[in-house]
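Coordinates in review
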Amino acid sequence: MKKYNFNAGPSILPQYTLDKTCKAVKELDNIGLSVLEISHRSKEFQKIVDDAVALVKEILKVPENYNVLFLGGGASLQFSMVPYNLLGDNQTASYLETGAWAQKAIKEAKLFGNVNVVASSSDKNFTYIPKNFKVPEDSAYFHVTTNNTIFGSELLEDLDSKVPLIADMSSDIFSRPVDVSKYALIYAGAQKNLGPAGVTLVILNPDILGKIERKIPSMLDYKIHIKNNSLYNTPPVFAIYASFMTLQWLKEQGGLEEMEKKNIAKAKLLYDEIERNSMFCGTVEKDSRSRMNVCFLPTKPELEQEFIKFATEKGMVGIKGHRSVGGFRASIYNAMDIEGVQALVDCMKEFEKQHA
Ligand SMILES: *Cc1c(COP(=O)(O)O)cnc(C)c1O
């Protein structure tokens, strides 16, 4: 039976990425060795990193002076690397509190300086993105989480900010065109929309570095990683290679304008069905709904397990909601095509026929 992968992360990858990566695990073109056994100092791997960086810059239209890094430690390490490098002991950083990942970022920043939460949607279990907040102009930076993977809300606008804008884009990077020049630093764990677990993409304007007086361990110092072109230590070679394949696929698909069109159509198909179907209701306010993670609840709570069972039997994988929201969550990242979303919608319609 065909499986439809709605997992939140690690999550679905393009067939192109899986095929090419499989092949490279056996033998990389022209080398006669597996990608798992080449030296990270070899000219072949150097080229893989250089080409992957070039593709990130091309696809996202990254400004010329920015740096692109592939680092270890997950997006979670960026929660502390950002303040370690950018927040002085006596300074204040501003954060937008839109979900569990934002809260974790805030917790880490408090280890290094003061944190000002400019707005929070915790009053309604993070079912909306706050608006009309004010960021103090003396903030060291302003941190946002563009897509709230757990709660299914998304900030679809590149905000104007007078202070350096920092974004955790782990679960919506490459899902739409972004004005990178508005951000001082963007980071994203690969395992949602780019590649396998193990690598984190960081895009930054180097002008923001070197402004605070703190000794920084080498592995946590952006400057060291920039200087060494992501090869200060052994980087996650395999995860970088697989991510590189997804970047090639993105380009082949027509880039981010095309991706955004597809993602809008997929999200509309599913949200329309949630609104129409008497068995389900959405959790997030309409203007804050995520195109990547669609959260919804059963209108009859006693049928929650029943639907999971029903959908699982039809090949749907990973639609159980996160425990802090309950119900269901369908993650429909770039690699999920509209046929997959249609299969879920068909499944919801059939369930309604049986139970309404
Ligand atoms: C998954 C996720 C993280 C955590 O990523 P790790 O790579 O596991 O550290 C952080 N932020 C967001 C928005 C996420 O979706």
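From a predicted model like this one, the values you see are computed outputs, not experimental measurements. Every chain's residues receive numbers from 1 upward, in the order its sequence appears when written. With the structure being a predicted model, the display of local features is reserved for residues of pLDDT at least 70 and the display and counting of side-chain atom pairs for 80 or more, all residues being used for whole-chain, interface and lining totals. With hydrogens and water stripped out, all remaining heavy atoms of the structure feed into the side-chain values.

**A look at the pattern of salt bridges**
Just so we agree on the cut-off: What counts as a salt bridge is simple: a side-chain nitrogen of Lys or Arg found within 4 Å of a carboxyl oxygen of Asp or Glu. The helix and strand labels rest on DSSP assignments: H or I over at least four residues marks a helix, E over at least two residues marks a strand, and numbering proceeds from the N terminus. Accessible area is worked out with a 1.4 Å probe on protein chains only. A residue is then buried under 20% of its type maximum, exposed over 50%, and partly exposed in between.
Counted according to the given criterion, the structure contains 20 salt bridges. Here E257 makes a salt bridge to K61, at a shortest N to O gap of 4.0 Å. Taken together, the residues E257 in helix 7 (residues 255–276) and K61 in the loop between helix 2 (43–60) and strand 2 (67–71) connect sequence positions 196 residues apart. Classification of E257 by relative accessible area gives partly exposed; the value is 42%. Here the salt bridges share partners, and the residues they tie into one network are E273, R276, K349 and E352.

**Some remarks on the sheet that holds strand 14 (residues 328–331)**
Note the cut-off: Whether two strands pair depends on DSSP finding at least two bridges between them. Axis angles are defined between N-to-C directions and span 0 to 180 degrees, where every axis is a line fitted to C-alpha atoms and, for a helix, only to the segment in contact.
Strand order in the open sheet made by the three strands is 11-12-14, with antiparallel pairing throughout. Since the sheet does not close on itself, it has two edges, and those belong to strand 11 (280–282) and strand 14, each with one partner. Ignoring which end each strand starts from, the neighbouring axes of this sheet average 35 degrees apart. Here four bridges tie strand 12 (residues 293–298) to strand 14, and the two strands are oriented antiparallel to one another.

**Structural notes on the packing of aromatic side chains**
For the record, the criterion: Here a pair means two rings of Phe, Tyr or Trp (six-membered ring of Trp) with centres within 6.5 Å. Their orientation is stacked below 30 degrees between planes, edge-to-face above 60, and tilted elsewhere. Throughout this description, the term charge over a ring refers to an Arg CZ or Lys NZ atom that lies within 6 Å of the ring centre and within 35 degrees of the ring normal.
Across all of its chains, the model carries 15 aromatic pairs by this definition. With a centroid separation of 6.4 Å and 45 degrees between ring planes, the pair formed by F79 and W101 is classed as tilted. Taken together, the residues span a long stretch of sequence, with F79 in helix 3 (residues 74–86) and W101 in helix 4 (residues 100–109) at a distance of 22 residues. A centroid spacing of 5.8 Å and a plane angle of 70 degrees characterise the contact between Y95 and Y141, whose relative ring orientation is edge-to-face. Residue Y95 is found in strand 3 (residues 92–97), and its partner Y141 is found in the loop between strand 4 (114–120) and strand 5 (142–145); the two are separated by 46 residues along the sequence. Y141 matches Y95 in its accessibility class, with the two residues each being buried. Its guanidinium or amino end placed over the ring of Y271, R289 lies 4.1 Å from that ring's centre, counting from NZ or CZ.

**Details of the site of the ligand**
Operational definition: Note on terminology: near, applied to a residue and a molecule or strand, indicates that one of the residue's heavy atoms is within 4 Å of it. The term polar contact refers here to a pair of N or O atoms within 3.5 Å; inside protein, the definition further demands a hydrogen-donor-capable atom paired with an acceptor-capable atom, and it admits residues adjacent in sequence only when both atoms are side-chain atoms. Only the protein chains shown count as cover for residues, with accessible areas throughout obtained via the Shrake-Rupley method and a probe of 1.4 Å.
With respect to spatial proximity, 13 residues lie near the ligand, and among them S76, T149, D168, Q191 and K192 are the closest. Here an oxygen atom of the ligand and a side-chain polar atom of S76 are 2.6 Å apart. Contact between the ligand and D168: a nitrogen atom at 2.6 Å from a side-chain N or O atom of the residue. Taken by itself the ligand offers 390 Å² of open surface, and the protein chains cover 88% of this.

**Examining the pairing of strand 8 (residues 165–168)**
Neither face of strand 8 is open: one carries L165 and A167, the other I166 and D168, and all of them are buried. Here strand 5 pairs with strand 8 via four bridges, running parallel. Bridging from a neighbouring strand, T145 pairs with D168 of strand 8. In this structure, strand 8 lies alongside strand 9 (residues 185–189), joined through three bridges in parallel fashion. Bridging across to strand 9, D168 finds its partner in Y187.

**Observations regarding the domain arrangement of the protein chain**
To keep it simple, the criterion reads: Note that the domain bounds were set by an automatic or database domain assignment. Every residue pair with non-hydrogen atoms within 4.5 Å of one another is taken to be in contact. Buried area: the accessible area, evaluated with a 1.4 Å probe, that two parts lose upon being put together, summed over both parts. Only Asp, Glu, Lys and Arg are considered charged in this grouping, and only Ala, Val, Leu, Ile, Met, Phe, Trp, Tyr, Cys and Pro are considered nonpolar; every other residue, Gly among them, is considered polar.
Here the protein chain is partitioned into domain 1 (16–252) and domain 2 (254–355). Computed from C-alpha atoms alone, the centre-to-centre distance between domain 1 and domain 2 is 27 Å. The interface of domain 1 with domain 2 comprises 30 residues on the first partner and 26 residues on the second. Both faces considered, domain 1 and domain 2 share a buried interface measuring about 2,300 Å² in area, 52% of it formed by carbon and sulfur atoms. One can count two salt bridges joining domain 1 with domain 2. Between D287 and K131 there is a salt bridge whose closest N-O contact spans 2.7 Å. At the junction of domain 1 and domain 2, the tally comes to 17 residue pairs in polar contact (both at pLDDT 80 or more). Taken together, the elements giving at least two residues each to the side of domain 1 that touches domain 2 come down to helix 2, strand 7 (153–154) and helix 6 (237–252). No other element matches the four residues that helix 6 contributes to the side of domain 1 that touches domain 2. Partitioning the side of domain 1 that touches domain 2 into residue classes produces twelve nonpolar, nine polar and nine charged.

**Section: empty space enclosed by the protein**
Let me state the cut-off plainly: As defined here, a cavity is a set of points on a 1 Å grid over the protein atoms alone where a 1.4 Å probe fits but cannot get out. A pocket is an open set with protein on both sides within 12 Å along at least five of seven lines, and residues line them when an atom is within 4 Å of a point. Grid points are joined across faces, edges and corners, and a volume is the space filled by probe spheres set on the points.
Scanning all chains against the criterion turns up one cavity of 30 Å³ or more. Reported here for the largest cavity is a volume of approximately 40 Å³. As for the largest cavity, its lining consists of I12, L13, P14, K192, N193, L194, T246, W249, N334 and A335. Across the lining of the largest cavity, the residue classes tally to six nonpolar, three polar and one charged.

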